[in-house]
Each structure stands twice: as structure tokens, then as C-alpha cells.
Amino acid sequence: MKKMFKITTPEGLHARPIALLVTAVTPFECAVQLTYKEKSVNLKSIMGVMAQGVAPGSIVEISAEGPDAEKLFQTVTEVIVSKGIGEEC
Amino acid sequence: MLEIQGIAVSQGIAFANAYCLKETDLSYEETQVADVDAELERFNVAVMKTKAELQEIYEIAQEKFGAEKADIFAAHLLVLEDPEMLVAIEAKIRTGVNAEFALDEVSNMFIAMFEGLDNVYMQERVADIRDVSKRVLANLLGVEMVDMNRVASDVIIVAKDLSPSMTAMLDTKYVKGFITDIGGKTSHSAILARTLEIPAVVGTKNATQDIQHGAPIIIDGTNGKIIVNATSEVSRFYLQQQRLHIEEHEELFRYRTLPSLSADGFSVEIAGNIGKPEDVGNVINAGGDGIGLFRTEFIYMERQELPTEEEQFQAYKSVLEKMQGKPTIVRTLDIGGDKHLPYMKLAAEMNPFLGYRAIRISITQQEMFRVQLRALLRASAYGNLKIMFPMIATLDEFKMAKAILLEEKQNLEIGGCPVSETIEVGMMIEIPSAAIIADLFAKEVDFFSIGTNDLIQYTLAADRMNENVSYLYQPYHPAVLRLIKNVIDAAHHQGKWVGMCGEMAADEIALPILLGFGLNEFSMSASSILKARAHIAKLSKQQLMTHNERILLLSTSAEVEEYVKKNLLS
């Protein structure tokens, strides 16, 4: 499963929004990746995601494989939208 | 018992245990390990311990500074749980090296990756990774990290120096005083101590070596003395001194509600300097006539990104409302020099005090300046706001800054936002060029505020933080006095008023000179307000004026001091 999001926080993906995302996906069993500029990193890794340096206004892809992937997407989408991190594309 | 002498910078006496902020020794050897499983276990235990520490710090920080500022520690916890990093370290340990080495290697790899990013903010996250890996390393080595965030009982901080951002993290509930190895009367920690009204002694040279962490100490901020392991006799003496100090304070307290008048009825304003909105309380408690300097840097510090217009508006509004119509002078951002914002990435300079700072940054990076001005203008509707620009050296700079201000004011008015019509716009006099052509500036400004700390260091070309030349920091140097007199006369000639917001305004020797010169406003740490008001009440301005000419002809700082003591202080 995969889904695209547009990042709308004025400073892009900074420590605070990343911390929210990592905390949200860590409890899930399935592997989850964030792809930006053709580079994929583990979304459960705060440093991996920080090292992506996602700029404001850019599009990222989140992909997950595993038994609870659907549930994970529900949670991720909710966090991204409700915390003002970005919007679904 | 050990007695240490330093420079007295903030009065009062306190008793507490030493809290030494020392760099922890985290050196280790790279070794080969035969029992890999035991090493992995040792690493896991260190990680668990570190998590518990960070969790504790996170909770303390939440309580002390609120959820937002504590977030950084939540991010630290996540770094520690980062699967990519943990897997890499474990893999490294499996190759047969010790955990310390594996940890260092892997975190250095991440650090290199972050440093290579084309993103200033992310480059700065390196400090966070270092912080976390240092903690784990300390736990692996079994050494304790000294940590200011974990202070939870009364302490006296002992440090080499306190940076502005470190001082911002101090919790005044527990910090009863500071002692530093370096610094002088005008270093940040000294100014902060006076703002917080806690005793401080700086410039002790070796306090961090001579004082053991946890040792019981007495700090005498009035005489610049520190007593380690005091005998009961000495303790009793200082308890008595402490009582006297409190009594003296109470005696001054009756001046709290009196107007600031000289013995012959000349009215001046005695105002307070503040660094944070919450410092207003101290100025009000001391009966200050206004705020003579609100340094706005602190709104920009202790954070990871620029403050928004709304955040700034709330901060300025709260100060103006609390001052209830009393004059409140806000100085626009004075960053650069020894004050840095990590997220602004200003290039390191050979001569930061002569470099890109204050108004020079504001008129170049205008967007940041305009955000601050809009916030100030919007807040102006809630009190008696005056705005001043720091580090003005040329007329063009002042005119440009004022034009930007007026432009933002007009934009807000067009948008229907209420803005005060009576905002006075002034400037700091801290560069000799401005002091010398004060007559030309006086036609443009509504007021001057003399910033003596910088004016003295620029006039005598001596870095006030450099101990080797600190003897040149001479407030009574004839050149400084002549500049001040020139500024006051130039302003009065144009019907403008002059304040002073440097440390000199509260100085016992300088005060009669300044009053005689005709200074209108004296702005100082809240803790000095009552003393200054009591002092001015005893002085006759008319009489002091008769000494002006003679004072201006004296040739050394020492002569001035002697003259004042002999003729003006009796």
C-alpha cells in the first residue's frame, strides 16, 4: 500500500512533526517507508527521516507492507491532517 | 574551609550546595571483545538507563518550561529508540568491538550525514545526536553527566561561563546564585543574576577547579566572596550579613511608591531593564517608572526557529498591559556580537563586535525585522510603547529603519489594525560615531538611550569580556563622560530627552555626574531601582550642575572617581 502527501508545515519536516509521525507508526508491526526525491527511509527511524531534509511544499510517499498496513495508514493520515503536517494528494 | 575571591556582580548572600557544570570526561579505549552477547547486553542496559534519564528530564522540562520547549527531549528519546541506529550499533558490536567504539562510530556516521545536508536546521540537529550519544557513552563508562535540567533542590551554579542560552534554561526556583570562572560586571550571567535578584560572583578564574560538585558553599555577591565548607562561626557571620542585607532592602522599600525626584525637585524617570516578559514583575515590584530597555533577543532564543509575529505580539502585548500605560521602550533585535541564534547560521567573524549584528542585520534581512515591527505595532494599542534601534552608526541606518517601521505601520492601518499614534521612535547611542554627531541625530529621533556597555568598549577599543584588557573598561574615562555630555546637550537642544540603559546608570559614582549632566531617564536592573531613587532623592541637581565643567576637565578615570567621592557623595 502507498499514499502520497503534500507537506505543508512552513519549515518542512522538522524534528517536531517527524517525532509525531515516528511515534505514531512505531507501534505497528508492518515495515513502513517514507520516500522523498527517490530515496526511501524507514519511517520508524527519526534520524533517517530527518536526514531526508523534506522541504516545505514537497510531496512524499509513504508505503507500508504487512498485516496491519491498513490500520497504519488510517493513523498516519489522521496524524498528518489533524496536526497540520500536510494533506493527502 | 576555602575562601575564593571574584568580582561581585549581583548583591545578596546565599547558602546552598555547589552545582558544578563541568564537561564530563568521556574518553575510552577501542578494544576487542570476546563475549559479544555480554557486550550487547551491556549496551542495552546503558540504553535503558539513558532512556530513564531522558524521560525524567523530559518530565522536569515539561513542568518547568511547558510542553513545547520540552519537545526537544521527546525527540532525544526517539533518537535513542531509532531502529536504524540501534541495528547499526548492534551489528558493529557483533564484529567484536566494544560498545563504546560501536556507538561512537555509528553516531559519527549519522552526524556526518546530517552535516552534509543542504539544510541549516538539520545540520544543527547534530547537537541533539551528540547529546544523546554522549549520555549513552556516559552510562557505558559508568560516569555521571552533570545536567542543569535535573536540578531539583537548592543549588549555586559553578561554571566556567554561562552562555545566554544556558542561563535561559536555569530554574530560579532552585538556583540561588552563580559563580563563574570568567566574565565581568557586564557579562550576561551577571546581568541575568541582577535581573533575577540572586547573588553572583564572576571572574573567579579557578572556581570550577577549586569547588567540588555538591560542596556546601556560601556566596557573598556584595563582596565577591565564596566560602567553601564554612566553619560554623563563619556561617553564623554570613547568616547575620544575610539578615542585614534583607533589612537594608526593607529600608529602601519605602521608596517604592515615591516619585523619582532630586532633593531640589528635578524629576527623572527610573526605569527597569528586562530580558523576558516575566521580568516585568520585578520592575513593578521595585516601583519602576517604566521599562527603559526590553531586550527582545530572548524571544528569539531557547528555540529552534524564528518566533512568529503572533508569538511576538503576545509577548509585547503582555509587557505593555502589565506596565499599565507606563513608558515601555522595546529595543529591536540585537543579535550577533556575543549573542547567536543557532537557527540563523550567521557566519563566524573575526571581529563579531565590529561585524554583522543588530540593526545591520535588520536592515539587510528585512523580513525578520518587519515581522518584529508588525508585532510591536499591533501591540502598541495596549500600552505606552516606544521603539528604539540598536547599534546605529549612521544617519542613513536610522532613517532606513524608521522608514521600514512607518511602512509597516501604514500597511497595518490600511488593513484596519489599530496602531497607537503616539509611538516614540528613538535609538541607542552605543557607537562613538553616533555620540559625536548626536546633534544631527537629535533632529531625527524622539529620544536617545545611551547603551554604556557598548559605548565604553567601542570608545576605549577594549573587549569587556577579555580579562587582559578589562582594566580599560572605564565608565568614568573622560572621553566617555564627554561623549555622554555631548549627547545629552545635543538632545536637549532639540527638545528631546535622553535615557541610559547601561550598567552605568545605576553606578553610585556615575549617578551624580549623570544627574548633573541632565540625564532624564535612568534604566537599570530592577534590583537597583530603589537604591538609585533613594540616592537621587538626596542629591541637588542645581548644585551638581555647578561641577559639570570641572568634571569634564579631569584627565583620568581615577581623578573623576576621587572628585565625585570628595565633592558629590557627601
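Since the structure is predicted, the reported quantities are computational estimates derived from the model, not experimental observations.

Basis of the calculations
- Residues numbered from 1 in each chain as written.
- Chains lettered and ligands numbered in written order.
- Predicted model: local features only at pLDDT ≥ 70, side-chain atom pairs only at ≥ 80, totals over all residues.
- Contact = placed C-beta atoms within 7 Å.
- Helix = DSSP H or I, 4+ residues; strand = E, 2+ residues; numbered from the N terminus.
- Nonpolar A, V, L, I, M, F, W, Y, C, P; charged D, E, K, R; others polar.
- Pairing = 2+ DSSP bridges.
- Core = buried A, V, L, I, M, F, W, Y, C linked by C-beta atoms within 7 Å.
- Buried ≥ 20, exposed ≤ 12 C-beta atoms within 10 Å, placed from the backbone.
- Axes fitted to C-alpha atoms, helices over the stretch in contact; angles between N-to-C directions.
- Parallel < 35°, antiparallel > 145°, perpendicular 65-115°, else oblique.
- Left-handed = near helix turned anticlockwise from the far one by under 90°.

For the interface of chain A and chain B, give the residues involved together with the corresponding values.
Taken residue by residue, the interface counts 16 residues in chain A and 18 residues in chain B. At the level of secondary structure, the elements contributing two or more residues to the side of chain A that touches chain B comprise α1 (15-25) and α2 (46-52) of chain A. Residue composition of the side of chain A that touches chain B, grouped by class: 7 nonpolar, 6 polar and 3 charged.

Residues and numbers for the pairing of strand β3 (residues 13-21) of chain B, please.
Residues and elements named next belong to chain B. In this structure, β3 lies alongside strand β7 (residues 216-220), joined through 5 bridges in antiparallel fashion. Paired with Asn17 across the two strands is Pro216, which belongs to β7. Here β3 pairs with strand β4 (residues 155-159) via 5 bridges, running parallel. Among the inter-strand pairings, Ala18 is bridged to a residue of β4, identified as Ile156.

An account of the nonpolar core is requested, with residue identities and associated values reported.
Met427, Ile429, Ala438, Phe448 and Val487 of chain B are the most contacted members of the largest nonpolar core, which has 94 residues in total. Among the elements that make up this core, the one with the highest residue count is helix α20 (residues 478-493) of chain B (8 residues). Ignoring anything within four residues of it in the chain, the contact list for Met427 of chain B reads Met388, Phe389, Ile392, Phe398, Phe441, Val445 and Phe448 of chain B. Ranked by size, the runner-up nonpolar core spans 55 residues in total, among them Phe5, Ile18 and Leu34 of chain A together with Val79 of chain B.

Explain the environment of Glu349 of chain B to me, and be specific about the residues and the numbers.
Residue and element names in this part refer to chain B. When you line up the elements, Glu349 lands in the loop between β11 (327-331) and α14 (359-362). The class for Glu349 is partly exposed, based on 13 C-beta atoms found within 10 Å. Each C-alpha atom of the pair Glu349 and Gly337 lies 9.1 Å from the other, and the pair is 12 residues apart in sequence. Setting aside anything within four residues of it in sequence, one finds Glu349 in contact with Gly355 and Tyr356.

Account for the packing of α1 of chain A against helix α3 (residues 69-82) of chain A, naming residues and giving values.
All names here are of chain A. Two elements in contact, α1 and α3, have axes whose closest approach is 10 Å; the angle formed by their N-to-C orientations is 160 degrees. Compared by their axis directions, α1 and α3 come out roughly antiparallel. Here α1 and α3 pass one another in a crossing that is right-handed. For the pair α1 and α3, the contacting residues are Leu20, Leu21, Ala24 and Val25 in the first and Leu72, Thr75, Val76 and Val79 in the second. A class-by-class count of the residues in the contact of α1 with α3 yields 7 nonpolar, 1 polar and no charged.

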